[in-house]
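# Observations on chain architecture
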Amino acid sequence: MRHAVAVAIALVIAGCPAPKPSETTPAAFATPKEVVAAAKGVIEQWRQAYEVKSFDALAKLYSHDIDLVVVQDGLPLMGWSSVEAMLKDRLARAKEIHVRLKEVSVASIAPTVAVAVATMTRELSDGVTTVTENGALTLVLRRTADGWQIVQEHYSYKRPS
């Protein structure tokens with residue numbers, strides 16, 4: 001009898017179509033629209049700050065503590081003082097910086113933490129030579145009393161073959 005019941009249950013389950021992800025994923029797990037809008041706002045401010053080469057505008061977007069991590073060209077920079085020096089150096093050396101972001105995606109990973117991923121094209125020019133990099137940008141943002149701040153940044157690009 002048990003065997004017959006088990007076979008019957010298996011046949012019923014096998015005959016039922018698998019539920020679609022939207023049917024099994026509770027709406028509570030969707031990233032709130034206000035988080036997406038806030039994160040995209042920070043990303044756009046980040047892009048614009050680079051375009052106008054404003055250290056002050058960039059500095060306002062980053063967390064100013066030892067937990068800040070920025071990975072650039074395979075080198076991790078730990079803490080605000082390291083990131084601050086890198087930003088000042090990059091902005092000082094570049095005559096022009098152009099940043100284009102596409103396919104920006106934001107996901108909430110905790111009530112006060114979001115991650116944003118985008119494809120990025122960055123052009124850095126010293127006035128003589130322009131270097132164009134195409135790659136992926138990842139920003140981890142944390143909501144604080146002052147708004148959303150960058151606590152981690154990672155940019156990687158495909159090097160020419």
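Preceding block: the structure.
Report on the accompanying structure. Everything quoted here is computed from the prediction, not taken from an experiment.

Its 14 residues place the ends of helix α5 (residues 80–93) 20 Å apart at the C-alpha level, agreeing with the 20 Å of an ideal helix rising 1.5 Å per residue. Considered for burial, the residues of α5 that qualify are Trp80, Val83, Met86, Leu87, Arg90 and Leu91. Looking straight down α5, one finds that the buried residues subtend no more than 125° of arc, so they occupy a single side. Residues of α5 that are exposed and point more than 90 degrees away from the buried face comprise Ser81, Ala92 and Arg93. Buried residues along α5 sit in contact with α3 (33–51), α4 (55–59), β1 (69–72), β2 (75–78), β3 (96–110) and β4 (113–125).

Let us now look at the side chain of Gln72. In this structure, Gln72 sits in strand β1. Given the relative accessible area of 6%, Gln72 is considered buried. When residues no more than four places from it in sequence are discounted, the contact partners of Gln72 are Met86, Arg90, Arg122, Glu153 and Tyr155.

About the thresholds
- Residues numbered from 1 in each chain as written.
- Predicted model: local features only at pLDDT ≥ 70, side-chain atom pairs only at ≥ 80, totals over all residues.
- Heavy atoms only, no water.
- Helix = DSSP H or I, 4+ residues; strand = E, 2+ residues; numbered from the N terminus.
- Expected span 1.5 Å × (residues − 1).
- Buried < 20%, exposed > 50% of the residue type's maximum accessible area, 1.4 Å probe, protein only.
- Arc of directions from axis to C-beta.
- Contact = heavy atoms within 4.5 Å.

Keep in mind these values describe shape, not function.
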